[in-house]
Amino acid sequence: MADSSIKKFFFPKITKSYLRRLAVVAIVAIIIFKYVFIPFTVQGESMAPTYVTGSFNFCFTARYLFSKPAPPDVVTVRMAGQEVMLLKRVVATEGQRVEFREGSLFVDGKKINEPYVSGKSDWNLAPTTVKPGNIYVVGDNRSVPIEAHTFGQTPVTRIVGAPLW
Amino acid sequence: MVTKKYLTVGLILVAAIAVFLIFFVDWEARAVKKQLRSIAKEMTWSPADSELTMVARIKHVQEKIAESCQVEIPTYKVSQLVSRNDVPTYMMMAKNYYRNLSVELKDLKVESIQLPQARAVTTAYIKATGADGQRNDEAMVLEFNLQKVDKTWQIVNVNETQILEK
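Quick notes on the rules
- Residues numbered from 1 in each chain as written.
- Chains lettered and ligands numbered in written order.
- Predicted model: local features only at pLDDT ≥ 70, side-chain atom pairs only at ≥ 80, totals over all residues.
- Helix = DSSP H or I, 4+ residues; strand = E, 2+ residues; numbered from the N terminus.
- Rg over C-alpha atoms; globule rule 2.2 N^0.38 Å.
- Buried ≥ 20, exposed ≤ 12 C-beta atoms within 10 Å, placed from the backbone.
- Contact = placed C-beta atoms within 7 Å.
- Nonpolar A, V, L, I, M, F, W, Y, C, P; charged D, E, K, R; others polar.
- Pairing = 2+ DSSP bridges.
- pLDDT = per-residue confidence, 0-100.
- Axes fitted to C-alpha atoms, helices over the stretch in contact; angles between N-to-C directions.

Enquirer: So what exactly am I meant to see when it comes to the overall build of chain B here?
Expert: Per the secondary structure count, chain B includes four helices and six strands. Shown N-terminal to C-terminal, the secondary structure of chain B runs as helices and strands in the order α-α-α-β-β-α-β-β-β-β. A compact globule built from 166 residues should have a C-alpha radius of gyration of about 15 Å, whereas chain B, at 20 Å, is more than 25% larger. Summarising its shape, the C-alpha atoms of chain B cover approximately 75 × 35 × 35 Å along the three principal directions. Counting across all 166 residues of chain B, residues that qualify as buried make up 15%. Contacts in chain B between residues far apart in sequence, at least 24 positions, make up 54% of those at least 6 positions apart.

Written out as C-alpha cells, the structure is:
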C-alpha cells in the first residue's frame, strides 16, 4: 500500500490535469523566486560578521511596500539590474548628517551604538548631509580601510528589498 | 491530402517564425550586446595564457574600440582619452598587475539605439587576483556609448555610474 503511494507520488500518471497543475506550480515558483523572494549568495566581506561570503539568502522585495528603509535595516541596493546587488546597512535617512570620527558613527552629531560592528576601525569622514530622496548605507565591516569600502548615499528608488534573515 | 495539410501547417509556422524574427527581434541591440560580451571575454586571462594568446586578445580589443575612447572610472580616479594604439600598453600593464582576471557583464541592457549610435548599461563583475595573490573583486555599473562604423559597433565612451556617493 505504502509502496504504491510512494510510487504514485514519484511516478504519477501523466494526465491533462497533472500537467496543468505542474504548469501552475512552475509559473507560481518562477513569479515568487524572480520577483518576490530573489535568491542570492553573499560575495565579499563588506557586511561581515553579519553576512559572510558564501552565505545564502533571499531578497524580500515586498519589505518596503508600505514603509521606508530606516536605520538599522539591512537592504539590497540595485546596480544596473538585480543580478548583482549590494548588501548594506542603512545608517541615516534624508536630511540627516552622517560623519565618522575615529571609527565611530555619528548621525546629527550623536554617537550611534552599533552592536553589529566588530573589529577595530579608524574611519574618519567629514560630515555629509543625506540629500532628499536618498538614504545613507554602510557595510558592517569597518576594519577595512575607508578607501577600500563601498558606502555612501543612494536614492531610495535603488533599494530592491531586504534579506529575509 | 495529409501531406498537403502538413505542408501548409509547416509553411505557416515558418512564416510566423520569419515574421517574429523580422519584426520582434532587435538585431542591432543583439549586435551591441554581442560586441560588449565579446570585449568582456577578451578581458579575461590566467597565468597559463601564452604571450600569443595575449597578443590575439589585445588585437581583438583594439578592433572593438574607436580610434579614441573616453574612459571615466571615478572609483579608480581614471578620466582619460584612450587611443586604440594605447591598448597594448594598458593591457600588458593590467596583465602584470593582475595574475588572474575575468569580467562578466550582468544585467546588460541596450538603453537606446539611434543609428549610428547606441547606449548600453551593465554591471561589470570583475574577479581579479593581484600579482601578490590578493583577491580584488569589484562590481561597477558601466555605461557604454557605441558608434557603428563599417557595420561594426565600436566603443567611443565608457562611464562608470556611481551607485553610492560618499
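Enquirer: Would you explain the interface of chain B and chain A in this entry?
Expert: It is common to give the size of an interface as the accessible area lost on bringing the parts into contact. Each partner contributes to the interface: chain B provides 14 residues, whereas chain A provides 16 residues. Broken down by secondary-structure element, the contributors of at least two residues to the side of chain B that touches chain A are strand E3 (98-114), strand E4 (117-130) and strand E5 (138-149) of chain B. With four residues, the single largest contributor to the side of chain B that touches chain A is E4(B). Partitioned by chemical class, the residues of the side of chain B that touches chain A number six nonpolar, two polar and six charged.

Enquirer: Just to check I follow, could you spell out the sheet that holds strand E5 (residues 97-101) of chain A for this structure?
Expert: Two strands in a sheet stick together by hydrogen bonds in their backbones, pointing the same way (parallel) or opposite ways (antiparallel). Read across the sheet, four strands follow the order E7-E6-E5-E8 (chain A) without closing on themselves; strand pairing throughout is antiparallel. In this open sheet, the two edge strands, each paired with only one partner strand, are strand E7 (110-111) and strand E8 (125-129) of chain A.

Enquirer: Would you mind going over the confidence of the model for chain B with me for this structure?
Expert: Low pLDDT means the predicted coordinates in that region are not meant to be read closely. Residues and elements named next belong to chain B. Mean pLDDT for chain B: 91, with 99% of residues reaching 70 or above. Looking across chain B, the model is least confident in helix H1 (residues 2-24), with a mean pLDDT of 86, and most confident in strand E6 (residues 152-161), with 95. This prediction of the complex comes with two scores: 0.84 for pTM and 0.83 for ipTM.

Enquirer: Would you explain the sheet that holds E6(B) in this entry?
Expert: All names here are of chain B. Strand order in the open sheet formed by six strands is E2-E1-E6-E5-E4-E3, and the pairing between neighbours is mixed. Strands at the two margins of the open sheet, each flanked by one partner only, are strand E2 (78-83) and E3. Going across the sheet, the axis of each strand differs from the next one's by a mean of 20°, ignoring polarity. Pairing of E5 with E6 involves nine bridges; the strand directions are antiparallel. Note on E6: the bridge partner recorded for phenylalanine 144 is valine 158. Against the sheet, helix H4 (residues 87-97) engages strand E1 (65-73), E2, E3 and E4, with an angle of about 130° to E3.

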